[in-house]
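# Per-entry structural report
In case you want the letters, here they are:
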Amino acid sequence: MPAVQVKPGIYWIGVNDRTTDLFEGMWPITSEGVSYNAYVIDDEKKVLVDMAKDLKSDALLDQIAEVFDPAELDYIVVNHMEPDHTGVTRTMHRIAPKATFLCTKRAVPMLAGYYHLTDQVQVVEDGETLDLGAHQLQFHITPMVHWPETMVTYETTQKVLFSCDAFGGYGALQGGIFDDQCDDQAFYERESLRYYANIVALFPKPVIKAIEKLAGVPIDVIAPSHGLVWRKNPARIIELYQKWANYALEGPDVGVTLLYGTMYGNTEQMVEAVAAGVTRAGVPLDIFDVRHIHTSYILPSVYTRSGVLVGAPTYEGELFPSMAHALDMIARKRIANRKLAYFGSYGWSGGARREITEWAEKLKWDLAEAWEFQGGASSADLARGEALGYSFAQGLKGE
Ligand SMILES: Cc1cc2nc3c(=O)[nH]c(=O)nc-3n(C[C@H](O)[C@H](O)[C@H](O)COP(=O)(O)O)c2cc1C
Ligand SMILES: [Fe+2]
Ligand SMILES: [Fe+2]
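Cut-offs applied
- Residues numbered from 1 in each chain as written.
- Chains lettered and ligands numbered in written order.
- Predicted model: local features only at pLDDT ≥ 70, side-chain atom pairs only at ≥ 80, totals over all residues.
- Helix = DSSP H or I, 4+ residues; strand = E, 2+ residues; numbered from the N terminus.
- Contact = placed C-beta atoms within 7 Å.
- Buried ≥ 20, exposed ≤ 12 C-beta atoms within 10 Å, placed from the backbone.
- Pairing = 2+ DSSP bridges.
- Axes fitted to C-alpha atoms, helices over the stretch in contact; angles between N-to-C directions.
- Near = placed C-beta within 6 Å.
- Nonpolar A, V, L, I, M, F, W, Y, C, P; charged D, E, K, R; others polar.
- Domains from an automatic or database assignment.
- Parallel < 35°, antiparallel > 145°, perpendicular 65-115°, else oblique.
- Left-handed = near helix turned anticlockwise from the far one by under 90°.
- Expected span 1.5 Å × (residues − 1).
- Arc of directions from axis to C-beta.

On to the overall build of the protein. Counting its regular elements, the protein contains 12 helices and 21 strands. Across its three principal axes, the protein shows a C-alpha extent of roughly 80 × 40 × 35 Å. Considering only contacts within the protein whose residues lie at least 6 apart along the sequence, 73% involve residues at least 24 apart.

Structure representation (structure tokens):
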């Protein structure tokens with residue numbers, strides 16, 4: 001893709017990644033892709049804001065060369081050290097030997113650790129400004145959005161915020177880079193929530209703090225390092241991030257995520273009955289088969305909804321393993337204060353029910369009901385399952 005002007009003298013460059021299957025080695029992006037956006041500023045001082053993963057680095061250099069010779073770079077701003085933005089650091093250092101890397105104090109040992117880069121590194125302080133000629137940069141330290149060394153960079157004359165991971169999302173760019181060029185904004189919003197729930201959600205307070213810190217800063221363009229550049233409606237993505245961060249502080253929406261797994265279909269038959277009960281109560285419901293659906297897609301639902309129904313059989317005296325895996329990932333993401341109910345089929349001894357009580361304690365969730373039934377459900381069992389779904393959902397409404 002060619003370099004694209006964002007504002008006079010400010011250009012988007014970047015790498016569209018449709019090759020990587022698992023972002024961070026964990027989160028599927030095979031069908032969605034992701035972009036690593038970077039930006040150049042062409043002024044008396046030449047600047048590169050953020051870099052990219054070590055992928056298609058030749059194309060990245062060509063994009064810079066459309067604006068100016070990369071060897072002329074004076075500064076490379078390192079907002080965040082994660083290698084999806086810094087993978088080409090050594091290449092850039094070789095090609096632009098006079099460029100100074102600007103970063104927070106906490107990034108200094110990381111630049112040394114990851115890339116053995118110790119010279120040409122300059123620390124910036126919170127609020128510090130740097131005049132480039134016609135443009136001016138201002139640095140705002142935003143720890144834990146996404147790592148402890150993270151900052152965002154604001155261009156004061158054109159009011160462009162280079163926010164790196166903040167306000168980013170999965171989803172490769174599809175021809176256009178701007179929100180107003182995109183006819184499927186819902187895709188990017190959905191993929192931004194998935195990205196948020198997978199990657200950022202563990203740190204809601206730092207996200208709120210960063211948004212509060214930037215509240216007084218007039219913003220014309222949000223230029224993140226993943227996904228769309230928001231110039232038509234930058235407030236939209238800020239609002240969404242604020243709403244998502246608030247879920248962790250103020251609690252989720254009324255709604256149910258039903259997670260299930262099954263070996264022979266007995267538990268699955270009950271899923272239909274329980275789901276009918278939830279729907280009769282008029283409560284929104286998402287259903288995921290944990291055997292096939294990656295937790296990346298499950299986390300946004302669990303993160304935004306107040307109730308989790310777990311349907312899974314007993315396997316070797318314990319909970320069906322793919323369900324344990326899903327719950328483990330949810331526990332690692334520390335999604336707190338949910339209401340939980342369990343149902344599942346067993347053959348002779350049961351055991352999943354006991355393990356679910358342990359998960360409820362570990363997750364610090366309120367276990368409303370845990371019900372094991374033997375083998376295939378009778379019609380009385382199915383009626384009980386429907387009633388379980390109904391009363392669980394009603395309980396979420398506070399009725
Ligand atoms: C490999 C395997 C291990 C199992 N281990 C147990 C067990 O330890 N205790 C038990 O009560 N049932 C056990 N079962 C029986 C299942 O829990 C039972 O068949 C149940 O009805 C399966 O529900 P599903 O049709 O939803 O998969 C096991 C079944 C399999 C295939
Ligand atoms: Fe990151
Ligand atoms: Fe990133």
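Still more ground to cover, so stick around.
Among the secondary structure elements, R94 is positioned in helix α3 (residues 89-95). Residue classification places R94 among the exposed residues on the basis of 9 C-beta atoms within 10 Å. Separated by 23 residues in the primary sequence, R94 and A71 have C-alpha atoms spaced 8.9 Å apart.

With that settled, the discussion passes to the sheet that holds strand β7 (residues 75-77). Taken together, seven strands build an open sheet; the order of strands is β1-β2-β5-β6-β7-β8-β9 and the sheet is mixed. Of all the strands in the sheet, just β1 (4-7) and β9 (121-123) have a single pairing partner and so form its edges. Each strand axis lies, on average, 30 degrees off the axis of its neighbour in the sheet, ignoring direction. Bridging between strand β2 (residues 10-17) and strand β5 (residues 34-42) involves eight bridges; their strand directions are antiparallel.

To continue, consider the sheet that holds strand β12 (residues 151-155). The mixed open sheet is built from five strands, whose spatial order is β10-β11-β12-β13-β14. Two strands in the sheet have a free side with no partner beyond their single neighbour: β10 (129-131) and β14 (221-224). Shown here is a sheet whose adjacent strand axes are inclined to one another by a mean of 20 degrees, direction ignored. Relative to strand β13 (residues 160-164), β12 runs antiparallel, the two sharing three bridges. When the sheet's bridge partners are listed, T153 is paired in β13 with F162.

So, on to the site of ligand 1. Residues in contact with ligand 1 amount to 20 residues; listed here are only the nearest, M263, N266, T267, P313 and G347. The element that contributes the greatest number of residues to the shell around ligand 1 is helix α8 (residues 266-280), accounting for three residues. The residue makeup of the shell around ligand 1, split by class, is six nonpolar, 12 polar and two charged.

Entries for the protein in the domain assignment read domain 1 (4-249) and domain 2 (251-397). Between the C-alpha centres of domain 1 and domain 2 there is a distance of 39 Å. The interface of domain 1 with domain 2 comprises nine residues on the first partner and 10 residues on the second. Among the secondary structure elements, those contributing two or more residues to the side of domain 1 that touches domain 2 are β4 (27-28) and α5 (185-200).

Attention now moves to the packing of helix α6 (residues 204-213) against helix α7 (residues 234-250). When two helices pack together, their arrangement is given by the angle between their axes and by how far apart the axes lie. Between α6 and α7, the shortest axis-to-axis distance is 9 Å and the interhelical angle comes to 140 degrees. The angle between α6 and α7 places the two elements in the oblique class. Here α6 runs over α7; the crossing is left-handed. Of the residues in α7, those in contact with P204, V207, I208 and I211 of α6 are I238, Y241, Q242, A245, A248 and L249. When the residues that make up the contact of α6 with α7 are grouped by side-chain class, the tally is nine nonpolar, one polar and no charged.

By secondary structure assignment, the location of A65 is in helix α1 (residues 57-67). For the pair A65 and A3, spaced 62 residues apart in sequence, the C-alpha to C-alpha distance is 9.2 Å.

The first and last C-alpha atoms of helix α12 (residues 379-397) sit 27 Å apart over 19 residues, in line with the 27 Å expected at 1.5 Å per residue. Those residues of α12 that fall on the buried side of the exposure criterion are D381, G385, E386, L388, G389, F392, A393 and L396. Along the long axis of α12, the arc covered by the buried residues comes to 150 degrees, so they all point the same way. Residues S379, A380 and K397 are exposed on α12 and point more than 90 degrees away from its buried face. Buried-residue contacts for α12 involve β15 (253-260), α8, β17 (305-311), β20 (339-346) and β21 (366-374).

On to the environment of V256. Examined against the element boundaries, V256 turns out to sit in strand β15. Note on V256: 27 C-beta atoms within 10 Å, which makes it buried. Residues contacting V256, with those up to four places away along its chain left out, are V278, V283, L285, R305, G307, L309 and A393.

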